[in-house]
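One letter stands for each residue in the lines below.
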Amino acid sequence: MADLQAIVDEIHAKLTPRLGEGKVADYIPQLAHVDPKKFGMAIIDVDGEVYKAGDCDEPFSIQSVSKVFTLTLALGKHGETTWNRVGREPSGSAFNSIVQLEHEEGKPRNPFINAGAIAVSDLVLAGHTPREAIGEIVRFVRYLADDDSIAIDPEVAKSEQATGFRNFALANFMRSFGKLDHPVEHVLGVYFHHCALAMTCTQLAKSALFLAASGRNPLTGHTVVSKQRARRINALMLTCGHYDGSGDFAYRVGLPGKSGVGGGIMAVAPGKASVAVWSPGLNHNGNSLLGSLALEMLATRTGWSVFGQ
């Protein structure tokens, strides 16, 4: 395998003069205070070797990256019936758009836009109180990362709850079409809290390793999901993981990935490694500007791409 530490160091050095580019997600008040010059990167290969640089061990708000974990939990609970509630197609619209939802009678286009993740939160809530569902999500992520220190940032969750008017609108809209089983306040409580998970790049790369290794965590030997389910989650990350910038990310990087407006991106090179990058400045699609560039440079240098070298 290529000298990954040298590649990570080179990417970090090349991007250092550009730190601070992009726009921090200031519409969530708590995220507006994040230093835009932060940059971290971590790669963990399927043998467990770790390669990292920059602020890779500083926790940040993973935001929508958490939607991969809640989808995995919902599929574990509900199997293929999950797709009765949420689609599998790229949206081509902004991540918080309501227009498409009206046109498609309350069924969100995919699980990674806000409406879709709200529907998935509703599925995870089945048989639970909101507190129990949130606890289940946190335990699952700790299990994946093999790290009990991972927690939700209560200030970020509070900040989202106070300003999440668009998400309340999406959830109420879906409820009006009979697409949510639980009270809107309960569903959004789960949604806001899982988006407020704080993790480091190293923890995030570890938690995605099962998707790089056919559903099995190679560090613990635990099977998390079947090989087929891992492949399908990766397919959704590739086609829908970056909002309405998903096609461009697939074109430039060619790896399954999921971004969040906290500036994190989790990516998977199937059979090889999992990767996490963090740079808070976002591009116009709401994806990390330098994080996307870092992953493009990584894919170019390593030849990692699901489309071939």
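The name that an unreviewed UniProt entry assigns to the protein chain is Glutaminase, with the source organism given as Neorhizobium galegae bv. orientalis str. HAMBI 540. Per UniProt, the comment on the protein chain under Subunit (unreviewed entry) is "Homotetramer." Of the protein chain, the UniProt comment under Catalytic activity (unreviewed entry) reads exactly: "L-glutamine + H2O = L-glutamate + NH4(+)".

Another point: the UniProt feature "binding site: substrate" (unreviewed entry) in the protein chain. Residues annotated by UniProt as "binding site: substrate" (unreviewed entry) correspond here to Ser64, Asn114, Glu160, Asn167, Tyr191, Tyr243 and Val261. The residue asparagine 167 is located in helix α7 (residues 165–176) in this model. If near-sequence neighbours (up to four positions away) are discounted, asparagine 167 is found in contact with Asn114, Ile118, Leu188, Tyr191 and Phe192. In this fold, tyrosine 243 is placed in the loop between α11 (227–240) and α12 (246–252). Residue class for tyrosine 243 comes out buried when judged on its relative accessible area of 4%.

In this section: the packing of helix α2 (residues 67–78) against α11. Viewed as axis vectors pointing N to C, α2 and α11 meet at an angle of 140°, and their least axial separation amounts to 11 Å. Accordingly, the angle class assigned to the pair α2 and α11 is oblique. Regarding α2 and α11, the two cross each other, and that crossing is right-handed. Along its contact with α2, which presents Val68, Leu71, Thr72, Leu75 and Gly76, the element α11 presents Arg229, Ile233, Leu236 and Met237. Classifying every residue of the contact of α2 with α11 gives 6 nonpolar, 2 polar and 1 charged.

Split by domain assignment, the protein chain resolves into domain 1 (4–62 + 198–302) and domain 2 (64–196). Averaged C-alpha coordinates put domain 1 and domain 2 at centres separated by 20 Å. Across the contact, 37 residues belong to domain 1 and 41 residues belong to domain 2. Carbon and sulfur atoms make up 68% of the area that domain 1 and domain 2 hide from each other, which totals about 3100 Å². Sorting the residues of domain 1 by area buried against domain 2 places Ile62, Leu236 and Tyr243 first, and these three jointly supply 19% of that buried surface. Viewed at the interface, domain 2 and domain 1 are joined by 1 salt bridge. Arginine 232 is paired through a salt bridge with glutamate 80; the nearest N and O atoms lie 3.9 Å apart.

One way to put it is that α2 packs onto helix α5 (residues 130–145) with a least axis distance of 10 Å and a crossing angle of 105°. The pairing of α2 with α5 is recorded here as roughly perpendicular in orientation. Facing α2, whose interface residues are Phe69, Thr70, Thr72, Leu73 and Lys77, α5 presents Glu136, Ile137, Phe140, Val141 and Leu144. Tallied by class, residues from the contact of α2 with α5 come to 6 nonpolar, 2 polar and 2 charged.

Given 3.6 residues to a turn, an α-helix orients residues that are three or four positions apart in the same direction. Counting buried positions along helix α4 (residues 114–124) yields 11 of 11 residues, so the element is predominantly enclosed. The set of residues buried in α4 consists of Asn114, Ala115, Gly116, Ala117, Ile118, Ala119, Val120, Ser121, Asp122, Leu123 and Val124. Residues of α4 that are buried in the fold lie against α2, α3 (99–103), α5, α7 and α8 (184–195).

Next up on the list: the packing of aromatic side chains. Tallied over the entire structure, the rule returns 5 aromatic pairs. Arranged with centres 4.9 Å apart and planes meeting at 5°, the rings of phenylalanine 60 and tryptophan 278 form a pair that is stacked. Residue phenylalanine 60 is found in strand β3 (residues 60–61), and its partner tryptophan 278 is found in strand β8 (residues 273–278); the two are separated by 218 residues along the sequence. Exposure remark for tryptophan 278: the relative accessible area of 2% places this residue in the buried category. The rings of Phe168, Tyr191 and Phe192 are connected pair by pair, giving a single aromatic cluster.

Calculation criteria
- Residues numbered from 1 in each chain as written.
- Predicted model: local features only at pLDDT ≥ 70, side-chain atom pairs only at ≥ 80, totals over all residues.
- Heavy atoms only, no water.
- UniProt positions renumbered as here; feature names shortened; annotations may be inferred.
- Helix = DSSP H or I, 4+ residues; strand = E, 2+ residues; numbered from the N terminus.
- Contact = heavy atoms within 4.5 Å.
- Buried < 20%, exposed > 50% of the residue type's maximum accessible area, 1.4 Å probe, protein only.
- Axes fitted to C-alpha atoms, helices over the stretch in contact; angles between N-to-C directions.
- Parallel < 35°, antiparallel > 145°, perpendicular 65-115°, else oblique.
- Left-handed = near helix turned anticlockwise from the far one by under 90°.
- Nonpolar A, V, L, I, M, F, W, Y, C, P; charged D, E, K, R; others polar.
- Domains from an automatic or database assignment.
- Buried area = accessible area lost by both parts, 1.4 Å probe.
- Salt bridge = Lys/Arg side-chain N within 4 Å of Asp/Glu carboxyl O.
- Phe/Tyr/Trp six-rings, centres within 6.5 Å; stacked < 30°, edge-to-face > 60°.

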